[in-house]
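Structural characterization, general
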Amino acid sequence: MKQYIIKRLLTAIPLLLCISFVCFVFINLIPSDPAEVALRVRQVPIITDEAIAEVRAELGLDKPYLVRYLTWLVNCLKGDFGISYVNPSRTVAGELLRCLPATLRLAGASFILVILLSLPIGFFCAVYKDSWFDRIMRGIIFITTAMPAYWVGLLLMWSVSIKLDLLPTSGSGSWRHLILPACTVSLSYIATFIRLIRNNMLENMKQDYVLYANVRGLPQKSILVKHILKNSMHTCIVALGMSIPQLISGTIVVENVFAWPGLGTLCISSIFNRDYPVIQTYVLLIGVLFVMFNLLFDILQSLADPRLRKEAA
Amino acid sequence: MLQRFLHHKTAVATVSLVLLVALIGIFAPWIAPNDPLATDIINKFAPYSAEYPLGTDNLGRCLLSRMIYGIRPTLGLAVLTMLGTICLGALMGLLAGYFRGWIEEVIMRVVDVMLSFPSQVMVFAVVALLGVSVQNVIIANVFIKWAWYARMIRTGVMQHRNSNYVLFSRCIGTPERFVLLRHLVPSIASDLAVLASLDVGWAIINISTLSFLGLGVQAPTPEWGAMLNEAKNVMTSNPTQMIVPGIAIVVLVSAFNLMGDALRDVLDPKEVSE
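All values derive from a computational prediction rather than experimental measurement. Throughout, residues of each chain are indexed from 1 in the direction in which the sequence is written. Each chain takes a letter, starting from A, and each ligand takes a number, starting from 1, following the order in which they are written. Where totals are concerned, whole chains, interfaces and linings use all residues; where local detail is concerned, this predicted model gives features only for residues with pLDDT of at least 70, and gives and counts side-chain atom pairs only at 80 or more. Side-chain metrics rest on all non-hydrogen atoms present in the structure, leaving aside hydrogens and water.

**A short note on the overall build of chain A**
The line we're drawing: Runs of H or I in DSSP of at least four residues are treated as helices and runs of E of at least two as strands, each being numbered from the N terminus. Two things to know: the radius of gyration comes from C-alpha atoms, and the globule rule equals 2.2 Å times the number of residues to the power 0.38. Three labels apply to residues, based on accessible area from a 1.4 Å probe with only protein chains included: buried if under 20% of the type maximum, exposed if over 50%, partly exposed otherwise in between. Between two residues, a contact is recorded if the distance between any of their heavy atoms is within 4.5 Å. Residue exposure ignores everything except the shown protein chains as possible cover, and the areas themselves are Shrake-Rupley values with a 1.4 Å probe. Only four residue types enter the tally: Lys and Arg on the positive side, Asp and Glu on the negative side, with His and both chain ends excluded. Here the site of a charge means NZ on Lys, CZ on Arg, CG on Asp, or CD on Glu.
When helices and strands are tallied, chain A shows 14 helices and zero strands. Listing each helix as α and each strand as β along chain A from the N terminus yields α-α-α-α-α-α-α-α-α-α-α-α-α-α. Relative to its length of 313 residues, chain A is extended, with a C-alpha radius of gyration of 24 Å against a globular reference of 20 Å. In terms of overall dimensions, chain A has a C-alpha envelope of 85 × 60 × 30 Å along the principal axes. Evaluated residue by residue, chain A yields a buried proportion of 43% over its 313 residues. Counting only contacts in chain A whose residues sit at least 6 apart along the sequence, the fraction spanning at least 24 positions is 73%. With an accessible surface of roughly 16,300 Å², chain A has 66% of that area assigned to carbon and sulfur atoms. Each charge sign in chain A was given a centre, from 28 positive and 19 negative side chains, and these centres are 14 Å apart.

**Details of the overall build of chain B**
Scanning chain B for helices and strands turns up 11 helices and zero strands. Across chain B, helices and strands are ordered from the amino to the carboxyl terminus as α-α-α-α-α-α-α-α-α-α-α. Once the C-alpha set of chain B is aligned to its principal axes, its extents read approximately 75 × 45 × 35 Å. Out of the 274 residues belonging to chain B, those deemed buried represent 52%. Total accessible area on chain B is roughly 12,700 Å²; 66% of this is exposed by carbon and sulfur atoms. When the 18 basic and 17 acidic side-chain charges of chain B are each reduced to a single mean position, those positions are 7 Å apart.

**Some words on a nonpolar patch on the surface**
Residue and element names in this part refer to chain B. Rules: The patches described consist of residues with a relative accessible area above 30% and no salt bridge, like charges being joined within 9 Å and nonpolar side chains (Val, Leu, Ile, Met, Phe, Trp, Tyr) within 5 Å. Salt bridges are identified by distance alone: a Lys or Arg side-chain nitrogen within 4 Å of an Asp or Glu carboxyl oxygen.
A cluster of nonpolar residues, Leu 23, Ile 26, Phe 27, Trp 30 and Ile 31, forms a patch on the protein surface that exposes about 570 Å² of accessible area. Breaking the nonpolar patch down by element, the ones donating at least two residues are α2 (9-26) and α3 (28-31). The topology assignment puts Ile 31 in helix α3. Judged by its relative accessible area of 44%, Ile 31 falls in the partly exposed class.

**Digging into the pattern of salt bridges**
One pass over the full model with this rule turns up 12 salt bridges over all chains. A salt bridge links Glu95(A) to Arg98(A); the shortest N-O distance between them is 3.4 Å. One end of the pair is Glu95(A) and the other is Arg98(A), both in helix α5 (residues 92-127) and three residues apart, which spans about a single turn. The class of Glu95(A) is buried, set by a relative accessible area of 9%. One salt bridge connects Glu230(B) with Arg66(B), and the closest N-O pair in it is separated by 3.9 Å. Taken as a pair, Glu230(B) in helix α10 (residues 224-233) and Arg66(B) in helix α4 (residues 63-99) lie far apart in primary sequence, 164 residues in all. Three or more residues are tied together by salt bridges with common partners; here these are Lys129(A), Asp130(A), Asp134(A), Arg138(A) and Arg198(A).

**Here we look at the packing of α2(B) against α4(B)**
Residues and elements named next belong to chain B. Where we set the bar: Whenever a helix is involved, its axis is fitted only over the stretch in contact; in every case the axis is a line through C-alpha atoms, and angles between N-to-C directions fall within 0 to 180 degrees. What sets the label is the angle itself: under 35 degrees gives roughly parallel, over 145 gives roughly antiparallel, 65 to 115 gives roughly perpendicular, and the rest give oblique. Left-handed describes a crossing whose near helix is turned anticlockwise from the far helix through less than a right angle; right-handed describes the clockwise counterpart. Each residue gets one label: Ala, Val, Leu, Ile, Met, Phe, Trp, Tyr, Cys and Pro are nonpolar, Asp, Glu, Lys and Arg are charged, and the others, such as Gly, are polar.
In the contact formed by α2 and α4, the axes pass within 7 Å of each other and the chain directions differ by 110 degrees. Classified by the angle their axes make, α2 and α4 are roughly perpendicular. Seen from above, α2 lies across α4 with left-handed handedness. In contact with Val 21, Ala 22, Ile 24, Gly 25 and Ile 26 of α2, α4 contributes Ile 68, Ile 71, Arg 72 and Leu 75. Among the residues forming the contact of α2 with α4, the class breakdown is seven nonpolar, one polar and one charged.

**Details of the interface of chain A and chain B**
Short version of the rule: Contacts described as polar in this section are N or O atom pairs within 3.5 Å, which, within protein, must combine one atom able to donate a hydrogen with one able to accept it, while residues neighboring in sequence count only if both atoms come from side chains.
On the side of chain B, 35 residues touch chain A, which itself brings 41 residues to the contact. Put simply, chain A and chain B have zero salt bridges between them. Put simply, chain A and chain B have two residue pairs in polar contact (both at pLDDT 80 or more) between them. Broken down by secondary-structure element, the contributors of at least two residues to the side of chain A that touches chain B are α1 (2-28), α6 (132-146), α7 (149-163), α11 (252-257), α12 (263-273) and α13 (276-304) of chain A. The element best represented in the side of chain A that touches chain B is α13(A), accounting for eight residues.

**Thoughts on the nonpolar core**
Convention followed: By convention a nonpolar core is built from buried Ala, Val, Leu, Ile, Met, Phe, Trp, Tyr and Cys residues, the set being connected through side-chain atoms within 4.5 Å.
The biggest cluster of nonpolar side chains holds 132 residues, and the ones touching the most others in it are Phe124(B) and Ile204(B). The dominant element in this core, judged by the number of residues it contributes, is helix α9 (residues 176-212) of chain B, at 14 residues. Phe124(B) has contacts with Ile252(A), Val253(A), Cys267(A), Ile268(A), Ile271(A), Leu210(B), Leu213(B) and Leu215(B), leaving out every residue within four places of it along the chain.

**Quick look at helix α6 (residues 119-130) of chain B**
What sets the pattern is the α-helix's 3.6 residues per turn: residues three or four places apart point alike. Residue and element names in this part refer to chain B. The test is simple: To estimate the expected span of a helix, subtract one from its residue number and multiply by 1.5 Å.
Over its 12 residues, α6 extends 17 Å from the first C-alpha to the last, a length consistent with the 16 Å expected when each residue adds 1.5 Å. Counted residue by residue, α6 has nine buried out of 12 residues, so it is predominantly covered. Within α6, the full set of buried residues consists of Val 121, Met 122, Val 123, Phe 124, Ala 125, Val 126, Val 127, Ala 128 and Leu 129. Trailing α6 by a residue or two, Gly 131 shows a phi angle of about 100 degrees, which is positive.

**A few points about the side chain of Glu104(B)**
Residues and elements named next belong to chain B. Examined against the element boundaries, Glu 104 turns out to sit in helix α5 (residues 101-115). Glu 104 gets classed as buried once you look at its relative accessible area, which sits at 9%. With residues up to four places along the chain from it excluded, the contact list for Glu 104 reads Ala 96, Arg 154 and Met 158.

**Considering the packing of helix α8 (residues 164-171) of chain B against α9(B)**
Residues and elements named next belong to chain B. As a packed pair, α8 and α9 sit with axes 10 Å apart at the nearest point and diverge in direction by 165 degrees. On the basis of the axis angle, α8 is roughly antiparallel to α9. Like other packed secondary-structure pairs, α8 and α9 cross with a definite hand, here right-handed. Listed contacts from α9 to Tyr 165, Val 166, Ser 169 and Arg 170 of α8 are Glu 176, Val 179, His 183, Leu 184 and Ser 187. Taken together, the residues of the contact of α8 with α9 break down into four nonpolar, three polar and two charged.

**Comments concerning the packing of aromatic side chains**
Where we set the bar: Centres within 6.5 Å are what make two rings of Phe, Tyr or Trp a pair, Trp counting through its six-membered ring; a difference in plane orientation under 30 degrees is then read as stacked, over 60 as edge-to-face, and the rest as tilted. We count a charge as sitting over a ring when the NZ of a lysine or the CZ of an arginine lies within 6 Å of the ring centre and within 35 degrees of the ring normal.
All chains considered together, the criterion is met by 10 aromatic pairs over all chains. Put simply, the rings of Phe21(A), Phe24(A), Tyr69(A) and Trp72(A) pair up and form one aromatic cluster. Taking NZ or CZ as reference, Lys145(B) lies 4.2 Å from the ring centre of Trp202(B), over its face.

**Focus: unusual backbone geometry**
Residues apart from glycine generally show negative phi values, whereas peptide bonds are mostly found in trans. Residues and elements named next belong to chain A. Positive phi values are uncommon outside glycine, yet Asp 130 reaches one of about 70 degrees. Mapping Asp 130 onto the fold places it in the loop between α5 and α6. The class of Asp 130 is partly exposed, set by a relative accessible area of 39%.

The structure is reproduced here in structure tokens:
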């Protein structure tokens, strides 16, 4: 087992290096000269060659490619992601840290909503398969997968905030601001997880151990909860865990609809301002989060399920 | 195959709906009642009328005409994206699955790295890098999606490459190109058709989302996502503006999703078990 974990950890390192390299190449592929962009966004009136050379030296753009990659990588590991092009007095790390809590709040609230809603709904859909409840839920799931998140956000904003005047339309601050964005973010994930839990449970119901439990005369309730649900949860927990970074990155659109001051709003405004270091670090952060969570839940899964361990060995 | 298709009600209904929408988009200049860009500032936010069947928007432009012209970028870009994705993905997948060796190693490692990035963030990164424009939106979407197809097609090719008819074909000395194009491509074509029609819906949502954020199709051009962006600004005073484009997107995406499922039943009757 130890060997497997070490092996998995070691395979993650080249992947992380690849991701960091892609992020580094990304900023070097910009069609315009970053030094010139930096001068422009600082609103320097006349851009001379000396000024460009000065900024190049300041940003370390005059050194060879690989050297720059290595210095950049070492700086990243130290937590120094460079300075923002738009506002040189601010560091990228500071900007991201400023916006991170809001995004984590939103993603966390959505995550809780997903668990609270999809588990019971998925469970009852499987138990009462083809009943009116199951059919209505399947219809809703089908429609929600076809609805763009931003439209859902607009509809919720209009119906709940403007028509009924129950919750604020945008901004952040209190928990009341959190409800609508969290509902919007979680909607598509809820649809996916209801389907996942339902199909998993239906799959498990056909297994021999369920037949045996029935033959033994166990009460239906305990078969459903203690046997079928418990066994179906394995895959669901892994899928849920791996969806955490997806939730964090999936808030971009919804944050913009609700003017939520998180990473997504920062990312879009950076795109419009051409603040490349911020975008680069954001992509790097999400990529690393992805690899880490995949790794973590892979290992957790093989710890929880002995059958997988045998396969891996 | 045609017989099976004609007997499958969902398949016929969704394919005809999609074709109908596409035809309306193609013949937009003859169908649309008004010029989608002509403003009629006196009649802004006009209700339903004979002249403007769906009313007008904040500049007095005919909503129905804008919807009809909007089919062109919305559906056209999505189809273009899928074509690009399939071409690139199929090429990479075929190369990796058929030739194996170091070609496969390199391609699959690249695919692994591509798949370890969350797709939504990658779209934004590519658009940020290349600048805001329509063609960059397509490039970005192809860029993040091809890896899925490469992996799927490679698996498909691996399944078929050691089957008896391919082995026989190679035995009697058929050129590699023939084996690839006449044996392997047709055998994975049905999988590909199903996956692609499911993903057109995804592409429509993705492209309209970018337009909604102002990163895709730009303002005066009628595109459903961009229209929703304009509707957002007048949400408090005229909420009805956002109903029509939204419903249109939902209906079209649903149609593509249903079509994918129906095509699976039609093309691969083995799968129909329930």
